[in-house]
Each structure stands twice: as C-alpha cells, then as structure tokens.
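# Topology and contacts: notes
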There are 2 protein chains.
Amino acid sequence: MKKLKIGIIGLGGRGRGLSINIVDMDDVEVVAVCDEYEDRVEHMQNYVKEHMGNTPIGTKDYKEVLAIDEIEAVIISTSWEAHVEIAVAAMRAGKYVGMEVGGAYAIEDCWKLVRTSEETGVPCMLLENCCYGQMEMMCLNLLDQGLLGEIVHCEGGYHHDLREEIINGNEKRHYRLRNYIMRCCENYPTHQLGPICKLLNINNGNRMVSLISVASKSASLREYAAKKRGADDPLANIQYAQGDVVTTIIRCAGGETITLTLDTTLPRVYSRGLIVSGTQGCYHEDNHSLYLDINEGKYTGDEFNGKAPGNAYECAELYNHPLWKQYLKDGVKYGHDGMDYLMLRAFFESVAAKVDPPIDVYDAAAWMSISSLSEDSIAMGGLPVPVPDFTSGKWIKPKAKKYVEKYRLDIIPEEID
Amino acid sequence: MKKLKIGIIGLGGRGRGLSINIVDMDDVEVVAVCDEYEDRVEHMQNYVKEHMGNTPIGTKDYKEVLAIDEIEAVIISTSWEAHVEIAVAAMRAGKYVGMEVGGAYAIEDCWKLVRTSEETGVPCMLLENCCYGQMEMMCLNLLDQGLLGEIVHCEGGYHHDLREEIINGNEKRHYRLRNYIMRCCENYPTHQLGPICKLLNINNGNRMVSLISVASKSASLREYAAKKRGADDPLANIQYAQGDVVTTIIRCAGGETITLTLDTTLPRVYSRGLIVSGTQGCYHEDNHSLYLDINEGKYTGDEFNGKAPGNAYECAELYNHPLWKQYLKDGVKYGHDGMDYLMLRAFFESVAAKVDPPIDVYDAAAWMSISSLSEDSIAMGGLPVPVPDFTSGKWIKPKAKKYVEKYRLDIIPEEID
C-alpha cells in the first residue's frame, strides 16, 4: 500500500491531539515534524517512532518541511497568527494544506489564501472538526431528507470556560492570552459557524452578506487572575480588550440569519449551542431536542429532550448521517467525541484521491473572515459591515465538485436555471 | 376586611386567564368588566357571579369603567395596540393601572405613559408575569447573595410556536395576525427582557443605551397557511413582513449585553431561553444548568443538568427566592407555572398599601420601547439605535422606593457617592 507522506507543523496541544489519531493510520506516514520549541519536536519524534516505527525529521523551521520533496501534504496546527503565512508557503511549495481552525487577523489574509490556492492550483482544507460532529451531521442528513423544511435561522457558539488556559496558559506557552489583551472580536468563530455554513449552502448557492457584532464588558479575567495569581499580579491589573461575551449576527443572501456567540471567559458548562431552525423542524443542542413537524414533536418528549439520560443520542440514531451510522458500527475513535478522526480521514483521503477537499479555501476564507469583520463592527459600535465574496461570484452558480463522496458536506443545491 | 375594587378591561384569552386567579382572592372585588365583544362580557359577568357572588357591571366602553368612582384599580388585558390609550385614560381618571405586556408601536407611546404617570402621580405597573417565575427569581436571589459575581451578559427569548394561533387565530378574534402581516420587529420583548432588566438594575443604577436588531426572512407562515388552509387561501399567498426570527442585541450603561430572540413562527419546544452569565456563575435555562464557581460546577452534573428528570427544580430549591420558598409551601396556583398569581398579588397588594409597584412606569416604557426601536433598526439594515432614557437621568442615582417588601424585584444598588 502506498502511504501518504505528511508533515506536521505545530506540535502544541492541538498538534499532539491530532497525532493521537494519525499514528493509528496505516496509510499515512509522518515524514517530518516541526515546532519552534525543541522539546516538542523531540517528544513528537519519539511518539511517532514508538507508534509508527519510523523517526520523522525534526526541525524548528517550517520551510525545511516544505522543502522535502516526498511530502505531499502538511497539517498546520501552530498558533492562530502563524496559520496563513505557513499555509500560503505550503501551497506555493505544492503541498496540499490541512490548516487548523482560527480566526483571521486581517481580511487580506483571507484573500491571500484564496489567491494562492487559485494561482497554484493547490487545495487548502480548513480542518474544522465540528463539521464532522454527530449532531451536526445528523442535521445535514435531516436537511438532505427534507425533514427540516426551509432553514431560516441558525445559532451556535463557542461556550467554553477557558479562564485557566488564558490566565495560566503561558506556562504551556499558549497563545490565547495576548489575543485577549489586545483584541476584541469573535476570535474563534469556525467551530459552530462551519457546520452552519454547510447547512446553509454558503459558497454553494448562498453566501454571507453582512454582520454586526457587539461585545460585553470585560470583567472576568482580571477577577480570575486576582483569585488565582494574587491581587498584585500584573494579569490582575491590566485592561483586557476582549469582552467576555461577543455576539455576532450574520445575514445571508438567502435571507437566513446566523447568531454566533463567543463565550470563553466565564464559568459555565461547555456547549456549542447549535440551533438549526427550519420551517418544519428544529434541532436544539442545549435542550437536547429535535422537534419535527412530521413527528408532531415526538422526539421532544422523554426520548429526546434530555430528561432521560443518553436518549438524545439514542434517538438521534434514527436520523444519523450515513457516515456516522458506519462510524458507530466500526467504533468511534478518540479526540473530541470522534470528530477529529473523521476530519483527518476526510483530509487524507481527499489528498490521496486528488479531489476537492470537503471544506475548501473559499470556506476557510469566509469563515475565518468573521473574526476580522467582527473586530471592525465592534470598534464602530456595532455598525453593520459587509462580508467579502471570496468566490468572486462563483457561489451563485457553483460548479459541481469532485469529493470523496462519503465525506461530502455540501448539500447539492437545486438548479434554478 | 376592606376589599380592593377593580375593573378588568379586555376579556380575551389573557383576561380570562388572569380572572382564574382573581376570583379566588378574598380581598378583591371585581366591580366591572369590559370588552368590545358582548359575548365575552356576559361570559365574564357570569363567571364572576358564580365564583365571587356579585355580578359585575358589564360594558363595551372602557370609559364607563373608568367613570366608576369606587374602582381603585384596573387591569388592562386588551389587544396590544389598545394598551397605552386605555392606561393613559385610566391614570387620568385616578385609577392605579395594571397593564398587560406587549411591545410599543411608537416611542411617543412610551413617553405618554411616563408623562401621564408623572403628571397625575398615579402608578402604572406592567404585568410582566415572568418577573415572578421560579427560575427568574432564583437568579435574583443568587445575585443578591453574590453567588453569580458580576453579571456581564444575559440572554432570553420568546420561543413559542404560535403558527396555529397566528394563522387560524382570527376565529378567536386574535390580534397577532395583522401584526405579522404589517410589522417586522421584536414584537413581544418583555417576557424575558423584564426579568433580565431587574437583574441588571435597569432604571435603578443602570440603563439600556442602544440596540441593534436583525430579522431573518419570513418563510414559515405562508408554508403553514398553505398546509392548513389550502394553497389558494389568501393567507398562503400574502407577504408577511415579520421575519421568522428576530435577534436583538442591547447594550447597557454598565457594559452588559443582552441578546433577545423572538421566535414565534417556527416549530420548536417552548422556552424563554434564559441565560444569566456572571463572573462567578451561570444559569442556563435550556440545558437546565446552574454552574457556580463556589460549587465548582456541582449542579451541572446529573443533579442539575437535565439528565436526571426533574432535578433542575429540586436543586433549585437550595437557591430559591424566599417568595418562592413560601409559595411552594403554600401551594403553587394555576396560570403559567404559578407566575400569574404572584404577579397579581404584587399588583393588588401594592395598590392596597398605596406604595410603588415593583415594575413601574419607567420599566414599562423602557421594556416596551424595544419593539419600536427594533423595528427602526431592522428597517435601517441593522444600524444601532439609541434607547431613550425614560427616567430623564433619575436612573443614575435612584431614590429609594417603597415596596411591599416581599414582592420587591429591584436589587438595592451600591451607593457610589
């Protein structure tokens, strides 16, 4: 069997998390690993050696990875602000790119991704694992079957108490803190926006047209720093730019609205708060309900509304996406409820088959742009700002794409003319 | 015992719903009832006679009610658009007003309420029952005890599938349909905004400063009308102005944000979607969780997160507001999970004691204004619009008020100077 030869650039928490899945894959060979910290490089070299047999090349310079001829694809899991530079260089070096998620710092960065992919012909896939979440894919399946009717509104968020990681993350050399000090925006939009965009056919017969974004005050990080590091600690005495909760409303060409919430510095239960509201049905993550007109709301009773433990998922089986039906039979792999594995398989199998990635460079640009646009809107007191059309009009009558069919996330849009 | 003599103006579904509670009260006498439909008047006269012994005066003209000397207070439960005119006339006639909820059609209507109450010295209470909801009051109690820390963000909504009532409500002479045809706004803001404003000390050391509002397309009502009344029915062939989901973000002087969602024409489970997010705790209605730092999230486990049936409420008992603790002992009365009774008692006992109502005319004006302001913002493509200060500056150092203490909803604000 021919193995797909890859490099992994960025070996912090996320790079290590992905590698847990990768070392189990027989059809992938990790040829090189890269990080700016030597200890991380050594650790990963040993980890790969132990599980896969070979010792990958280790380097602090990503350009050395890109210079290795036999490498066909790279995974970029560095800090947010390094993603685009490395992705652009990788495409220029002819390496199929799998880029971890994050938000854009500038709209120009989104254009750089698009421009480079168009000029080089090299695909760039955004590694948005939540697109392969069980419930997200169930919604895709429900929509495909017509059970939700016409979708008019979606909500999602990143509700994740990251106070400890932000305030004490420097010991882990984490990159969040500086973002929370200097920026105020929807800094992590794609986890729920990605699946929602797929449901709404964004870049595939629909597009995001404009957004408004509003931030609450920043009150939590200083209080938390004082509690954990003492009242005299510098982190308890600076002004954090980032508001504790950022709410963004996006409007789409098709008339749909999307509400996105970033909520990462307050105590609470983890949730991505997915809501998919159609004219014939509604999926609601937080109250574990799937309300379908066709069932007269049947799965909102004890079977589905979270009152009976675990049954949300049991009932979901009725409507599971074919990919998840099979996955549940085969055994769900580790990493974020099994999403990481499916996402990585989608990436590697698309590279191997030399077909379109299920999340392409236009998706990456559009989804990531929300960070920069929300920063603008907040800075201007909540003024609406336009979302660029990164497809330059190709969204309105998209060409059919070649996918590894089972990983397809696009709904095939109705032909209008 | 001296009985409080009242009139009830507006005897549709809501007026009847309130009367179920009122006829059980020994200290209240219904002296007059009024509605534009004679059959409703007769029905209510008979209903009061049956349960209270006396036959109230019946009339189609609210002015006749206001002309009755012995009446001390009126309840106004007419269609939304008649509330303000009647409330103003009632205050001018010296009758203490209990006005049912709804949104404003014009900012001037909000000023009329304020101006009239200030000029006449007659109080006007907005009958927002959700302020007396068990969970809403638990949040008030948690905040009072300092267990939520500093509140930075709240969310709430009116998620209620009203398709049947809107499309087939004309047979019940309902007033919603004409609003959904002609207006696009947050048309029913107060159910969740009311309790949130009390938690945020709005008009009591804080105020709402501005809002933005965005509407989704309107897709559901036509589809529903076609299904229920046939594709040729006029209601299946008109353009509804009201978008299916309207999302509003409000900013407060204290830096807090409030996200309000109106969601009344799509299939889904009923919810008011309350979220109260503070620096030390979060209450989340939809996932039945109360996450407090002090408990290290204890009540987000099986005890509180909805996985174990009923336990959300059981655990809530730990933190129940004193009013609800007593209410649960005495037995919860009918009507909207017991809220209606508490709200009516708060109204009647405030009138009898001649003290301030717990929800006053400034609250009414500010909360109702959101409808009209959201209509403006939506019409202008989501531009931010200012929220008037109906207290004319009195919010910034509010005078102490006299309340019937147990029905108090205001947090006593910290003295700054």
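Just so it is clear, the model here is predicted, and its values are computed rather than measured. (Residues numbered from 1 in each chain as written. Chains lettered and ligands numbered in written order. Predicted model: local features only at pLDDT ≥ 70, side-chain atom pairs only at ≥ 80, totals over all residues. Heavy atoms only, no water.)

### Comments concerning the overall build of chain A
Assigned secondary structure in chain A consists of 14 helices and 14 strands. The C-alpha atoms of chain A give a radius of gyration of 21 Å, which matches the 22 Å a tight globule of 417 residues would have. Seen through its principal axes, chain A has C-alpha atoms that stretch 60 × 60 × 45 Å. Buried residues in chain A amount to 63% of all 417 residues. (Helix = DSSP H or I, 4+ residues; strand = E, 2+ residues; numbered from the N terminus. Rg over C-alpha atoms; globule rule 2.2 N^0.38 Å. Buried < 20%, exposed > 50% of the residue type's maximum accessible area, 1.4 Å probe, protein only.)

### Topic: the relation of the copies chain A and chain B
For the pair chain A and chain B, the relating rotation is 180 degrees, the translation along its axis is 0.0 Å, and the fit reaches an RMSD of 0.0 Å. What the superposition gives is, in effect, a two-fold axis relating one chain to the other. Most of the interface of chain A is mirrored in chain B, where 100% of its interface residues are also at the interface. (Least-squares fit on C-alpha atoms with pLDDT ≥ 70 in both. Contact = heavy atoms within 4.5 Å.)

### Here's the deal with the packing of helix α1 (residues 13–22) of chain B against helix α2 (residues 38–52) of chain B
Residues and elements named next belong to chain B. Here α1 crosses α2 at 10 degrees, and the two axes come no closer than 11 Å. The angle between α1 and α2 falls in the class roughly parallel. Every residue of α2 that contacts α1 at Gly15, Arg16, Ser19, Ile20 and Ile22 is listed here: Arg40, His43, Met44, Tyr47 and Met52. Within the contact of α1 with α2, the residues separate by chemical class into five nonpolar, three polar and two charged. (Axes fitted to C-alpha atoms, helices over the stretch in contact; angles between N-to-C directions. Parallel < 35°, antiparallel > 145°, perpendicular 65-115°, else oblique. Nonpolar A, V, L, I, M, F, W, Y, C, P; charged D, E, K, R; others polar.)

### A word on the domain arrangement of chain A
All names here are of chain A. Taken domain by domain, chain A holds domain 1 (4–130) and domain 2 (131–321 + 360–407). Centre-to-centre, using C-alpha coordinates, domain 1 lies 25 Å away from domain 2. Overall, the association of domain 1 and domain 2 removes approximately 2700 Å² of surface from exposure, summing both partners, and the carbon and sulfur fraction of that is 62%. When the area that domain 1 buries against domain 2 is broken down by residue, the three leading residues are Trp80, Glu128 and Cys130, summing to 26%. Applying the counting rule to domain 1 against domain 2 returns two salt bridges. Our enumeration of links across domain 1 and domain 2 arrives at 15 residue pairs in polar contact (both at pLDDT 80 or more). For the side of domain 1 that touches domain 2, the elements supplying multiple residues, two or more each, are α2 (38–52), α5 (107–120) and β6 (124–126). No other element matches the seven residues that α5 contributes to the side of domain 1 that touches domain 2. Taken together, the residues that form the side of domain 1 that touches domain 2 break down as 16 nonpolar, six polar and five charged. (Domains from an automatic or database assignment. Buried area = accessible area lost by both parts, 1.4 Å probe. Salt bridge = Lys/Arg side-chain N within 4 Å of Asp/Glu carboxyl O. Polar contact = N/O pair within 3.5 Å; in protein donor to acceptor, adjacent residues only side chain to side chain.)

### A look at a nonpolar patch on the surface
A contiguous nonpolar surface patch, about 320 Å² in accessible area, is contributed by Met380 and Leu383 of chain A together with Met380 and Leu383 of chain B. Structurally, the position occupied by Leu383 of chain B is in the loop between α14 (361–379) and β14 (385–386). Classification of Leu383 of chain B by relative accessible area gives partly exposed; the value is 31%. (Patch = residues over 30% accessible without salt bridge, like charges linked within 9 Å, V, L, I, M, F, W, Y side chains within 5 Å. Areas by Shrake-Rupley, 256 points an atom, 1.4 Å probe, with all protein chains shown as cover.)

### Quick look at the pattern of salt bridges
Applying the stated criterion across every chain, the model contains 52 salt bridges over all chains. With its nearest N and O atoms 3.1 Å apart, the salt bridge here joins Glu108 of chain A to Arg115 of chain A. Judged by its relative accessible area of 37%, Arg115 of chain A falls in the partly exposed class. Put simply, Asp363 of chain B and Lys198 of chain B hold a salt bridge, and the shortest N to O gap is 2.9 Å.

### Overview of the environment of Trp395 of chain A
All names here are of chain A. Within the fold, Trp395 resides in the segment after β14 (385–386). Measuring from C-alpha to C-alpha, the distance between Trp395 and Ile202 comes to 7.6 Å, with 193 residues separating the pair along the chain. Contact partners of Trp395, with chain neighbours within four places excluded, come to Asn203, Asn204, Gly205, Asn206, Arg207, Ala253 and Asp389.

### Section: the sheet that holds strand β5 (residues 96–99) of chain B
Residues and elements named next belong to chain B. An order of β3-β2-β1-β4-β5-β6 is seen for the six strands of this open sheet, with the pairing classed as parallel. The strands lining the two open edges of the sheet, one partner per strand, are β3 (57–59) and β6 (124–126). Sheet twist, expressed as the average angle between the axes of neighbouring strands with direction ignored, equals 20 degrees. Inspection of the sheet shows strand β1 (residues 4–9) paired to strand β2 (residues 28–34) by six bridges, in the parallel sense. When the sheet's bridge partners are listed, Ile8 is paired in β2 with Val33. Against the sheet, helix α4 (residues 83–92) makes contact with β1, β4 (73–76), β5 and β6, and its axis sits at roughly 165 degrees relative to β5, the strand it touches most. (Pairing = 2+ DSSP bridges.)

### Let's talk about the sheet that holds strand β7 (residues 151–159) of chain A
All names here are of chain A. Taken together, eight strands build an open sheet; the order of strands is β13-β12-β11-β7-β10-β9-β8-β14 and the sheet is mixed. The sheet is open, and its two edges are formed by β13 (289–292) and β14, each paired on a single side. Note that β7 and strand β10 (residues 257–263) share seven bridges and pair parallel. The residue of β10 that forms the bridge with His159 is Asp263. In the packing of helix α9 (residues 190–199) onto the sheet, the strands contacted are β7, β8 (208–215), β9 (245–252), β10 and β11 (275–278), and the crossing angle to β7 comes to about 165 degrees. Set on the sheet, helix α14 (residues 361–379) makes contact with β8, β9, β10 and β14; between it and β8 the angle comes to about 50 degrees.

### Topic: α2 of chain A
Residues and elements named next belong to chain A. Along its 15 residues, α2 runs 21 Å from first to last C-alpha, staying within 8% of the 21 Å computed at 1.5 Å per residue. All buried positions along α2 are accounted for by Arg40, Val41, Met44, Gln45, Tyr47 and Val48. Seen end-on, α2 carries its buried residues on one side only, within an arc spanning 165 degrees. Every exposed residue of α2 that faces more than 90 degrees away from the buried side is listed here: Asn46 and Glu50. Phi turns positive, to about 100 degrees, at Gly53, one or two residues after α2. (Expected span 1.5 Å × (residues − 1). Arc of directions from axis to C-beta.)

### Regarding the packing of helix α6 (residues 134–144) of chain B against helix α12 (residues 322–330) of chain B
All names here are of chain B. It is at 8 Å that the axes of α6 and α12 come closest, and there the two elements cross at 140 degrees. The orientation of α6 with respect to α12, classified from their angle, is oblique. Residues Gln134, Met137 and Asn141 of α6 form the contact with α12, whose own contacting residues are Pro322, Leu323, Trp324 and Leu328. Across the contact of α6 with α12, the residue classes break down as five nonpolar, two polar and no charged.

### Regarding the state of the cysteines
Residue and element names in this part refer to chain A. Here the structure, examined in full by the defined rule, presents zero disulfides over all chains. The thiol of Cys34 is not disulfide-bonded; the next cysteine sulfur, from Cys124, is found 17 Å away. Free of any disulfide, Cys197 has its nearest neighbouring cysteine sulfur in Cys252, separated by 6.9 Å. Classification of Cys197 by relative accessible area gives buried; the value is 1%. (Disulfide = S-S within 2.5 Å.)

### Brief notes about the side chain of Asp340 of chain B
All names here are of chain B. Note that Asp340 resides in helix α13 (residues 339–353). Reaching out from Asp340, the side chain makes a polar contact with the side chain of Asn129 at a distance of 2.8 Å. With near-sequence residues (within four places) excluded, Asp340 lies in contact with Arg14, Leu18, Asn21, Asn129 and Gly335.

### Observations concerning the packing of aromatic side chains
Taken as a whole, this structure holds 19 aromatic pairs over all chains when the rule is applied. Look at Trp111 of chain A and Phe390 of chain A: their rings are 4.7 Å apart centre to centre, the planes differ by 55 degrees, and that puts the pair in the tilted class. Note that Trp111 of chain A is positioned in helix α5 and Phe390 of chain A in the segment after β14, a separation of 279 residues in sequence. Judged by relative accessible area, which is 26%, Trp111 of chain A ranks as partly exposed. Phe390 of chain A sits in the buried class, given a relative accessible area of 1%. Three or more aromatic residues link up through ring pairs in this structure, and these residues are Trp80, Tyr158, Tyr175, Tyr188 and Tyr270 of chain B. (Phe/Tyr/Trp six-rings, centres within 6.5 Å; stacked < 30°, edge-to-face > 60°.)

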